[in-house]
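# Descriptive analysis of the structure
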Amino acid sequence: MSGSDEAKPFSDAQFICEAHAIAAAHSLHSVTDIVSNVVYIGLGCGSIGQPLPVDRRNLHSVQRTVEKSGIAPKVAAALVHMSASETFRYLRAYVNTTKHVSL
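Only a predicted model underlies this, so the values are computations on that prediction, with no experimental measurement involved.

### Considering the overall build of the protein chain
On a plain count of helices and strands, the protein chain comes out with 4 helices and 0 strands. Moving toward the C terminus, one meets the helices and strands of the protein chain in the order α-α-α-α. Projected onto the principal axes, the alpha-carbon positions of the protein chain cover approximately 65 × 25 × 20 Å. Looking at the protein chain as a whole, 24% of its 103 residues are labelled buried.

Below you can see the structure in the form of structure tokens.
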């Protein structure tokens, strides 16, 4: 069907589907940064040591901060588990690929 009039709607649908998949992945990846900020503020990490600027708060930086503080070992373990999970690592790689290569 390539090159025919019937191929255009299918091609358009593929493009739209890919755009939605990329947008969903980016949104899901952003959730980890939002959760990390909630953990950072909720545990009062800003009053411990050198405060992290808002634009530097992500899963890994907050994980390190919580681990170093020792104030919530179960929360730190949960953050470690999430950041080390195969699912999160795949999502992060996919988002970075679409952000830096595809787009």
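Further notes follow.
### Quick look at helix α1 (residues 7-42)
Compared with the 52 Å implied by 1.5 Å per residue over 36 residues, the 52 Å span of α1 between its first and last C-alpha is a close match. Every buried residue of α1 is listed here: Ala7, Ile22, Ala25, His29, Thr32, Ser36, Val39 and Tyr40. Following α1 by one or two positions, Gly44 adopts a phi angle in the positive range, close to 70°.

### Some words on the side chain of Ser83
Among the structural elements, Ser83 can be located in helix α3 (residues 73-84). Side-chain polar atoms of Ser83 contact the side chain of Gln63, separated by 2.8 Å. Engagement of the side chain of Ser83 in a polar contact is seen with the backbone oxygen of Val80, the distance being 3.2 Å. For Ser83, the residues in contact, after removing those within four places along its chain, are Leu59, His60, Gln63, Phe88 and Arg89.

### What to know about the pattern of salt bridges
This structure, assessed with the given rule, holds 1 salt bridge. Measuring nitrogen to oxygen at the nearest pair gives 3.1 Å for the salt bridge that ties Lys8 to Asp12. Residue Lys8 and its partner Asp12 are both found in helix α1; the two are separated by 4 residues, about one turn of the helix. Accessibility expressed as a relative area gives 51% for Lys8, which makes it exposed.

### Describing the packing of helix α2 (residues 59-69) against α3
Contact geometry for α2 and α3: axes closest at 9 Å, N-to-C directions at 150°. Taken as axis vectors, α2 and α3 run roughly antiparallel relative to one another. In the packing of α2 onto α3, the handedness of the crossing is left-handed. Between α2, through Leu59, His60, Val62, Gln63, Val66 and Glu67, and α3, the contact on the second element is made entirely by Ala76, Leu79, Val80, Met82 and Ser83. Counted by class, the contact of α2 with α3 contains 7 nonpolar, 3 polar and 1 charged residues.

### Description of α2
Buried within α2 we find Leu59, Ser61, Val62, Gln63, Thr65 and Val66. Two to three positions downstream of the cap, the backbone nitrogen of His60 sits 3.0 Å from a side-chain oxygen, assigning the N-cap of α2 to Asn58. Directly after α2, the chain includes Gly70, whose backbone phi takes a positive value near 70°.

### With respect to a nonpolar patch on the surface
Taken together, Leu28, Val31 and Val35 make up a surface patch of nonpolar side chains, about 240 Å² in accessible area. Its place among the elements puts Val35 in helix α1.

The rules we used
- Residues numbered from 1 in each chain as written.
- Predicted model: local features only at pLDDT ≥ 70, side-chain atom pairs only at ≥ 80, totals over all residues.
- Heavy atoms only, no water.
- Helix = DSSP H or I, 4+ residues; strand = E, 2+ residues; numbered from the N terminus.
- Buried < 20%, exposed > 50% of the residue type's maximum accessible area, 1.4 Å probe, protein only.
- Expected span 1.5 Å × (residues − 1).
- Polar contact = N/O pair within 3.5 Å; in protein donor to acceptor, adjacent residues only side chain to side chain.
- Contact = heavy atoms within 4.5 Å.
- Salt bridge = Lys/Arg side-chain N within 4 Å of Asp/Glu carboxyl O.
- Axes fitted to C-alpha atoms, helices over the stretch in contact; angles between N-to-C directions.
- Parallel < 35°, antiparallel > 145°, perpendicular 65-115°, else oblique.
- Left-handed = near helix turned anticlockwise from the far one by under 90°.
- Nonpolar A, V, L, I, M, F, W, Y, C, P; charged D, E, K, R; others polar.
- Patch = residues over 30% accessible without salt bridge, like charges linked within 9 Å, V, L, I, M, F, W, Y side chains within 5 Å.
- Areas by Shrake-Rupley, 256 points an atom, 1.4 Å probe, with all protein chains shown as cover.

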